[in-house]
Amino acid sequence: MLKGMGPKPSFFPLKPVVPRADWTVYFVYAPDGLLTPAHCFTLSRLRDLGMNLFVVCATRTVGEVPEALAAYADALYWKALRGFDFSAYALALNVIARQSPHARVLLLNDSVFGPFVDVRHRIDGAPWDLTGFTASSRIENHVQSYSFVIKDVTRARVRSLWPVFFPRISLNTHVAVTLCQETRLARVAARSMSVGAYWYADAGKMSDPVLVRPFELLDAGFPFLKKSLVGKHSRFNPENAAEAYLAMQRHPLERPL
């Protein structure tokens, strides 16, 4: 934690949050100030589903936030680059707790393609106060942080999560975020709320369900496909199966940086 720790990233509201019963927070990482085809697909799909969309966009400067985001977003915030997705989640949850209290919030980062199915029933029917799509026992039992739902977001609930959604600092290495935030989230949350996930993998049998069994999950109604299957984890993508699935879904083919 000490090696990755630094100040929380600067931020600026470009389109403020107003009270809503539900929010979908989508974190867009755009260091070059450009939206990818995958970003546009996800934004369009969420918009078509009629979801209230709160976009947190990370670029080098506020002036580099892509202008096209304003057409998708009901609320839009710029965030500086440091801090990974947890700093974007912390920003959004604190803003919602103050300006749209008691909302139910879906948090989603841009490490996944999709959604390829209607996710609203997974949000509306979330059985726990904090509901993940997938969970794993790797390192410790944890909800995987690419997407999850938190009900009844209030200042008190967000304050109970400060041990992972740090109010004053951020972590800026992948290892630090994984060990100090992602894998601790479910344990910290369980002190004050119910926690669970739709799909669970025993790490003794499967290292990462969204990489090792992506198509079985999709067949079971899972809405996403990890981008890293066509990138750094392409070894889990035999015979370009991920590219074939994207083509079948009419998703723009791309290889993320």
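Residue indices begin from 1 for each chain and proceed along its sequence in written order. Where local features are concerned, this predicted model is filtered to residues with pLDDT of at least 70; where side-chain atom pairs are given and counted, the filter is 80 or more; whole-chain, interface and lining totals use all residues. Note that water and hydrogens are dropped before the side-chain values are worked out from all heavy atoms of the structure.

Caption draft 1: Focus on the overall build of the chain. Counting its regular elements, the chain contains nine helices and 13 strands. Relative to the 2.2 N^0.38 estimate, which gives 18 Å for 257 residues, the radius of gyration of the chain is 17 Å and therefore close to what a compact globule would have. By its C-alpha atoms, the chain is 45 × 40 × 40 Å across when sized along the principal axes. Buried residues in the chain amount to 54% of all 257 residues. Partitioning the contacts of the chain with sequence separation of at least 6, the portion at a separation of at least 24 is 72%. Shrake-Rupley sampling with a 1.4 Å probe provides the accessible areas, and residues are treated as covered by the protein chains on show and by no other component. Carbon together with sulfur atoms contributes 56% to the accessible area of the chain, which is approximately 11500 Å² in total. Each helix is a run of DSSP H or I of at least 4 residues and each strand a run of E of at least 2, with the numbering of both proceeding from the N terminus. All radius of gyration figures rest on C-alpha atoms, and the globule criterion is 2.2 Å times the number of residues raised to 0.38. Accessibility here uses a 1.4 Å probe with only protein chains present; expressed as a share of the type maximum, an area under 20% marks a residue as buried, one over 50% as exposed, and anything in between as partly exposed. Any pair of residues with heavy atoms lying within 4.5 Å of one another is described as a contacting pair.

Caption draft 2: Quick peek at the side chain of Lys79. Structurally, the position occupied by Lys79 is in strand 5 (residues 75-79). For the buried Lys79, which has no salt bridge, the nearest side chain bearing the opposite charge is Asp85, at an N-O separation of 8.7 Å. If we skip the residues at most four places from it in the chain, Lys79 touches Pro9, Ser10, Phe11, Phe27, Val56, Cys57, Ala58, Thr59, Phe84, Ser87, Ala88 and Leu91. The charge count treats Lys and Arg as positive and Asp and Glu as negative. His and the chain ends do not count. A pairing counts as a salt bridge when a side-chain nitrogen of Lys or Arg comes within 4 Å of a carboxyl oxygen of Asp or Glu.

Caption draft 3: Region of the structure containing the environment of Thr154. For Thr154, the location among the structural elements is in the loop between strand 10 (147-153) and helix 5 (155-160). Remark: the alpha-carbon pair of Thr154 and Ser100, spanning 54 residues in sequence, is separated by 8.5 Å. Pairing of N or O atoms within 3.5 Å defines a polar contact, subject to two protein rules: one partner must be a possible hydrogen donor and the other a possible acceptor, and residues neighboring in sequence count only if both atoms are side-chain atoms. In this structure the side chain of Thr154 is engaged in a polar contact, spanning 3.1 Å, whose partner is the backbone nitrogen of Arg157.

Caption draft 4: Structural view of the packing of aromatic side chains. In this scheme Phe, Tyr and Trp rings, the latter by its six-membered ring, pair at centre separations within 6.5 Å, and the angle between planes marks the pair as stacked below 30 degrees, edge-to-face above 60, and tilted otherwise. Within the structure shown, the criterion is met by 17 aromatic pairs. Ring centres of Tyr89 and Phe148 lie 5.5 Å apart, and the angle between their planes is 90 degrees; this geometry places the pair in the edge-to-face category. You can see Tyr89 sitting in helix 3 (residues 84-99) and its partner Phe148 sitting in strand 10, a full 59 residues away along the chain. When its relative accessible area of 0% is taken as the criterion, Tyr89 is described as buried.

Caption draft 5: Region of the structure containing the pairing of strand 3 (residues 22-29). Most of strand 3 is tucked away, with six of its eight residues classed as buried. The pairing criterion for strands is at least two bridges between them, as found by DSSP. Here strand 3 pairs with strand 6 (residues 103-109) via six bridges, running parallel. Pairing of Trp23 across the sheet is with Val105, part of strand 6. Consider the strands pointing away from the viewer: the crossover is right-handed when the path from the first strand over the helix to the second runs clockwise. The handedness of the strand 3 to strand 4 (residues 53-58) crossover, carried by helix 1 (residues 37-48), is right-handed.

Caption draft 6: Looking closely at the pairing of strand 4. When you tally the buried positions in strand 4, you get six out of six residues, the bulk of the element. Here strand 4 shows a buried face lined by Leu53, Val55 and Cys57 and a second buried face lined by Phe54, Val56 and Ala58. As judged from the five bridges shared by strand 4 and strand 5, these two strands associate in the parallel manner. Directly across from Val55, in strand 5, lies its bridge partner Leu76.

Caption draft 7: Structural detail: the nonpolar core. Throughout this description, the term nonpolar core refers to a set of buried Ala, Val, Leu, Ile, Met, Phe, Trp, Tyr and Cys residues connected via side-chain atoms within 4.5 Å. Grouped together as the largest cluster of nonpolar side chains are 44 residues, with contacts concentrated most on Leu43, Val55, Leu69, Phe116, Phe222 and Leu225. A total of four residues in this core trace back to one element, the largest contributor, which is helix 1. Setting aside chain neighbours within four positions, we find Leu69 in contact with Leu35, Leu43, Val55, Cys57 and Leu76. Counting residues in hydrophobic clusters, the runner-up holds 41 residues, among them Ala58, Ala88, Ala103 and Val177.

Caption draft 8: How the structure looks around helix 9 (residues 241-248). Restricting attention to buried positions, one finds in helix 9 the residues Ala242, Glu243, Tyr245 and Leu246. The buried residues of helix 9 occupy an angular sector of 160 degrees when projected down its axis, which confines them to one face. Here the buried face of helix 9 lies against strand 7 (112-113), helix 8 (214-219) and strand 13 (225-226). Backbone geometry just downstream of helix 9 places Arg250 in the positive-phi region, at approximately 60 degrees. The arc in question is the one traced by the directions running from the helix axis out to the C-beta atoms.

Caption draft 9: Representation of the pattern of salt bridges within the structure. With the rule as written, the count across this model stands at seven salt bridges. Among the salt bridges present, the one from Asp129 reaches Arg157, with a minimum N-O distance of 3.9 Å. Of the two residues, Asp129 is situated in the loop between helix 4 (120-124) and strand 8 (130-136) and Arg157 in helix 5; the sequence distance between them amounts to 28 residues. Overall, Asp129 belongs to the partly exposed group, its relative accessible area being 23%. Here Glu140 and Arg187 are joined by a salt bridge, their closest N and O atoms 2.8 Å apart. Here Glu140, found in the loop between strand 8 and strand 9 (142-143), pairs with Arg187, found in helix 6 (residues 174-189); they are 47 residues apart in sequence, far enough to count as distant. Residues joined by salt bridges that share partners form a network here, namely Asp22, Arg104 and Asp124.

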